Structure formats: C-alpha cells, structure tokens
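Listed here are the chains, written in short residue letters.
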Amino acid sequence: MKKILTMFVATLFAFQFTGLSCYAKSTTVKNNTSITVASKEAHSSKTLSTGEKIECIILEDVIVNNQTVFKKGGRATLNVVNSKKAKFAGIPGEITVAGGEVFDTNNQGHMVTINQVITGEEKTWPKVCLGCGIFIILAPLMLFGFVKGGQAEISPVQTRQVFLNQDFVFKKD
C-alpha cells in the first residue's frame, strides 16, 4: 500500500510541474507598461512631414513574469502628427509625436501611447531689437529670412517613454 501511495504522490507531483510549465509560457502584459525607445537616426522639422513614422529601437529589455516580452534593440515606430518648419522673425520649428507601435519578441505589433511636442530654439533677439527702435534696419532682414527660428530636432540620444494602450497575453513562440 505504501508503494502505491508513494507512486500516486510522485505522479501527482510530476503532473503538477508539467501542468505549470505550460502556464509559465504565457503571461499577461498590462496596460501602461513603460517601454523606453529612441530614434534610430536624427530628424528635423525641416525634413519631417505630418503622417510620417519615425523608426525607433527599444533601449531596455522589458521582462514580465521572467519572460522577455520586448527585447533591447527591438523595433518600434512613433507617429508624427504635426510638423512645422521654423519661420521668419525667430519662430521655431515644431514636431508633435503621438502614438506608435512596438514589436514584441514574436514580432507582433502593439499600440503605444506617447504625446510629445518637440520645439526648436526661439530666436528672441530680433523681437527685442525691433522693440528698441531699430525697426528700419532689421525689418528687411527679418522678413527675408536672415533671422529664422531653430528647427525642432529629434536626436537618437534622446530617450522617450511610451506606454502600452491595452493588456495583451504574450506567449513565446
């Protein structure tokens, strides 16, 4: 009787771990999980257009329940929803990034949230000089493009935090 009981307990013990191993392969990745990304190359408001996608890379592994869901160096994209070039009179360029997509280790895309406005350098000295009565000298220079604001730029060195839009179940292929 002891042998039968021992074999029964050993069998249950073995089935318990084989049963758990199938559950360990899938995990739920929660909404608002933070993922750090950076642009692959530099971009400027002078060259970007509204509607373009900026190719990015994932900077850190994202591990959920001991599974690497998003791998460092993985692919991501960010959506440019507005891009304005720098204008005369020192008005800076502007890039608005909203939303995007990150790809997990199974190469499945997941929508992410980001809302960021990147603004170039404003050149205020022409406005100050105009206010000081040098209008006659600076007005032609300012109006014909000698004084322009800085372009908005996205550098590969700058990191951006994006957040998942919804929960999803991840199962390693």
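Nothing here was measured: the structure is a model prediction, and the numbers come from that model. (Residues numbered from 1 in each chain as written. Predicted model: local features only at pLDDT ≥ 70, side-chain atom pairs only at ≥ 80, totals over all residues. Heavy atoms only, no water.)

Student: Hey, could you run me through the nonpolar core in this one?
Tutor: Soluble, globular proteins show a tendency: their nonpolar side chains are buried together. Counting residues in each nonpolar core, the largest one holds 26 residues, and the members touching the most others are I35 and F70. Setting aside anything within four residues of it in sequence, one finds I35 in contact with I58, V62, F70, V102, R160, Q161, V162 and L164. (Core = buried A, V, L, I, M, F, W, Y, C linked by side-chain atoms within 4.5 Å. Buried < 20%, exposed > 50% of the residue type's maximum accessible area, 1.4 Å probe, protein only. Contact = heavy atoms within 4.5 Å.)

Student: Explain empty space enclosed by the protein here, please?
Tutor: A water-sized probe, rolled over the atoms, reveals where empty space remains. The final tally for this structure, using the stated rule, is 1 cavity of 30 Å³ or more. When its volume is computed, the largest cavity comes out at roughly 50 Å³. If you trace the largest cavity, you find it lined by V37, A38, S39, I54, C56, L78, V97, I154, S155, Q158 and R160. Of all the elements in the fold, those that place two or more residues in the lining of the largest cavity are strand 2 (34-39) and strand 4 (53-58). Here the element with the most residues in the lining of the largest cavity is strand 2; it accounts for 3 residues. (1 Å grid on protein atoms, 1.4 Å probe; cavity = no way out; pocket = protein on both sides within 12 Å on 5 of 7 lines; lining within 4 Å. Points joined across faces, edges and corners; volume = space filled by probe spheres on them. Helix = DSSP H or I, 4+ residues; strand = E, 2+ residues; numbered from the N terminus.)

Student: Where do I start with unusual backbone geometry in this structure?
Tutor: Outside of glycine, negative phi angles account for most residues, and trans bonds account for most peptide bonds. You will see that N66, though not glycine, has its phi angle at about 60°, which is positive. The exposed category is assigned to N66, whose relative accessible area is 78%. Here N107, not a glycine, exhibits a phi torsion of approximately 65°, which is positive. The residue N107 is located in the loop between strand 8 (94-103) and strand 9 (109-119) in this model.

Student: I keep staring at the pairing of strand 7 (residues 75-84) and nothing clicks. Help me out?
Tutor: Side-chain positions along a regular strand alternate between the two faces of the sheet. In this structure, strand 4 lies alongside strand 7, joined through 5 bridges in antiparallel fashion. Counted as the bridge partner of I54 is L78 from strand 7. As paired strands, strand 7 and strand 8 are joined by 7 bridges and run antiparallel to one another. What sits directly across from A76, in strand 8, is V102. (Pairing = 2+ DSSP bridges.)

Student: Explain the side chain of T77 to me, please; I cannot follow it from the model alone.
Tutor: Position of T77 among the secondary structure elements: in strand 7. The class for T77 is buried, based on a relative accessible area of 4%. If we skip the residues at most four places from it in the chain, T77 touches K53, I54, E55, G99, G100 and E101.

Student: Explain the pattern of salt bridges to me, please; I cannot follow it from the model alone.
Tutor: Between side chains of opposite charge, a pair can form as their charged atoms come close. Inspection of every chain in the model, using the stated rule, returns 1 salt bridge. Between R75 and E55 there is a salt bridge whose closest N-O contact spans 3.6 Å. One end of the pair, R75, is in strand 7; the other, E55, is in strand 4, with 20 residues separating them in the sequence. Judged by its relative accessible area of 31%, E55 falls in the partly exposed class. (Salt bridge = Lys/Arg side-chain N within 4 Å of Asp/Glu carboxyl O.)

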